[in-house]
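Working through the structure, step by step
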Amino acid sequence: MNPPRGAAPLASAGGASAGHRPVLPASRYSFDLPSALEAAVPPEARGVTRDAVRMMVAYAGDGRVVHSTFSELPRFLDAGDLVVVNTSGTIPAALDGVRRDRGEHLVVHLSTHLPGGLWVVELRALDGAGTVPYRDGRTGIVVDLPAGASLTVDAAYSDPPGRLWTATLDGITGEVLPYLARSGRPIRYGYVRGSWPITMYQNVYATEPGSAEMPSAGRPFTADVITRLVAKGVHVAPLVLHTGVASLESHEAPYPEYFRVPATTAHAVNDTRAQGGRVVAVGTTVVRALESATDERGVARGAEGWTDVVITPERGVRSVDGLLTGWHEPEASHLAMLEAVAGEATVRASYDAALEHGYLWHEFGDVHLVLP
């Protein structure tokens, strides 16, 4: 899960520098999300398999909407299409802590592992069974963590300051991952009932731990679905993007994240498009990584580093034709990317239909497949 040591270069394939973040059209997608549509437990706890969640298929070209289930995914793809997945695995990134100078009980979310041993972290205050952003963080505070470890806040990371911080971990012998396996747990927000093991937050094809939160668009995949895709002639290619926290209280543009697009995956993208196939990204993390490795002519290349690319309708997309994703909260920044792929009319029609037909939101919910 460790990124390369040294400075953290930012990808510049049409992105925006951290000091000049674009204004996202999130306000165009303001709607009321009934609490009954928030998936509070994994599908398995609702009595269905991973691949039995509902899937809406929306065709941007003619406006059609088809209601199906994820297990039927191979039916909607053709031989020669390419499905690109993010093989980053979820880490147990939530830790209980106590602010040393005040004795306040907090929850620390480890978001992104930066070069030089620093972490981007989010401090959360207890709020009943859940947590809310901690509004009294500041440089220099120390948070005591389980098993004799501690965290020292170094500087504000987000702008405006207050939510995300850079911090140093102390008192951990050896690597951080074994420590988290012993002392951490998956990040959980207030809409989730109960505590679930890390396996519930893991995609079946995950190979490299590093994401603070599950790249959840891929959660419905099973070995059976992948086998049937390959048997039909649909290709599957991997990449890595370690995603940070995506707190629902703040809909700011995403911050830099570490990614790696293998040269073989870039070649597969180029070959698929050259031969008339469709490139379908599994999740917004895949879109961000591929767009970070694709030039203005639409040619993808193997790439690795830190990306600050933010996908907006004005920027557009150059590397993907379709997107499998979850259902995003009102005004979430991911909706700007979805509009870039599908267009505003398709996004509006899909979300109206999802609300009307009772699709479930969040990481344990249903999915949305957008095709040309």
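Because the structure is a prediction, the values reported are computed rather than measured.

A tally of helices and strands in the chain yields seven helices and 19 strands. Scaling as 2.2 N^0.38, a compact globule of 372 residues should have a C-alpha radius of gyration of about 21 Å, and the chain matches this with 20 Å. Here the C-alpha coordinates of the chain stretch approximately 60 × 45 × 40 Å along the principal axes. Counting every position in the chain, which comprises 372 residues, the buried fraction comes to 56%. Contacts in the chain between residues far apart in sequence, at least 24 positions, make up 72% of those at least 6 positions apart. Element-wise, carbon and sulfur atoms account for 53% of the exposed surface of the chain, whose accessible area totals about 14800 Å².

For Ala147, which is not glycine, the phi dihedral falls at a positive 60°. Tracing the backbone through its elements, the reader meets Ala147 in the loop between β10 (142–144) and β11 (150–156). In this structure, Glu331 takes a positive phi of about 65° despite not being glycine. Its location among the elements puts Glu331 in the loop between β18 (322–325) and α6 (334–342).

Right, let's get into the pattern of salt bridges. Within the structure shown, the criterion is met by 22 salt bridges. Across the pair Arg185 and Asp96 runs a salt bridge, and its minimum N-O distance is 2.8 Å. You can see Arg185 sitting in the loop between α2 (176–183) and β13 (208–211) and its partner Asp96 sitting in strand β6 (residues 94–99), a full 89 residues away along the chain. What makes Asp96 partly exposed here is its relative accessible area of 41%. Each of Arg102, Glu104, Asp136 and Arg138 takes part in a single network of salt bridges with overlapping partners.

This part takes up helix α7 (residues 344–356). Across its 13 residues, α7 extends 18 Å between first and last C-alpha, which sits within 8% of the 18 Å expected from 1.5 Å per residue. Considered for burial, the residues of α7 that qualify are Thr346, Val347, Ser350, Tyr351, Ala353 and Ala354. On an axial view of α7, the arc spanned by its buried residues comes to 160°, and they lie on one face. With respect to the buried face of α7, the exposed residues turned more than 90 degrees away are Ala345, Asp352 and Glu356. Gly358 sits one or two residues past α7 and shows a positive phi near 75°.

This part takes up empty space enclosed by the protein. The gaps of empty space that remain are located by a probe, the size of a water molecule, rolled over the atoms. Under the definition given, this model contains five cavities of 30 Å³ or more. Each pocket or cavity is described by its volume, and for the second largest cavity that value is around 80 Å³. Lining of the second largest cavity is provided by 13 residues; of these, Ser216, Pro220, Glu363, Gly365 and Val367 occupy positions nearest its centre. Within the lining of the second largest cavity, the residues separate by chemical class into five nonpolar, four polar and four charged.

Let us now look at the pairing of strand β4 (residues 82–86). Burial within β4 is extensive, with five of its five residues counted as buried. With five bridges connecting them, β4 and strand β14 (residues 235–241) associate as parallel partners. Note that in β14 the partner of Val83 across the bridge is Val236. Pairing analysis gives three bridges linking β4 to strand β16 (residues 279–282), with the strands arranged parallel. Pairing of Leu82 across the sheet is with Val279, part of β16.

Cut-offs and rules
Residue numbers here run from 1 along each chain, matching the order of that chain's written sequence. Under the rules for a predicted model, residues below a pLDDT of 70 receive no local features and side-chain atom pairs below 80 are neither given nor counted, while totals for whole chains, interfaces and linings still include all residues. Here the side-chain values reflect all heavy atoms present in the structure, with hydrogen atoms and water set aside. Under the scheme used here, helices are H or I runs from DSSP no shorter than 4 residues and strands are E runs no shorter than 2 residues, and both carry numbers assigned from the N terminus. Between the two quantities, the radius of gyration covers C-alpha atoms and the globule rule is 2.2 Å times the number of residues to the power 0.38. Partly exposed describes any residue whose relative accessible area lies between the buried limit of under 20% and the exposed limit of over 50%, with all areas from a 1.4 Å probe on protein chains only and scaled to the type maximum. Residues count as neighbours in contact if any of their non-hydrogen atoms are within 4.5 Å of one another. Accessible areas in this description were obtained via Shrake-Rupley with a 1.4 Å probe; residue shielding takes into account the shown protein chains only. The salt bridge definition used is simple: a Lys or Arg side-chain nitrogen within 4 Å of an Asp or Glu carboxyl oxygen. To estimate the expected span of a helix, count its residues, drop one, and scale the result by 1.5 Å. The arc in question is traced by the directions running from the helix axis to the C-beta atoms. Cavities and pockets are found on a 1 Å grid laid over the protein atoms alone: a cavity is a set of points where a 1.4 Å probe fits but cannot escape, a pocket is an open set with protein on both sides within 12 Å along at least five of seven lines, and a lining residue has an atom within 4 Å of such a point. Grid points are joined across faces, edges and corners, and a volume is the space filled by probe spheres set on the points. Side-chain classes are defined by residue name, with Ala, Val, Leu, Ile, Met, Phe, Trp, Tyr, Cys and Pro counting as nonpolar, Asp, Glu, Lys and Arg as charged, and the others, Gly among them, as polar. A pair of strands is labelled paired if DSSP reports no fewer than 2 bridges between them.

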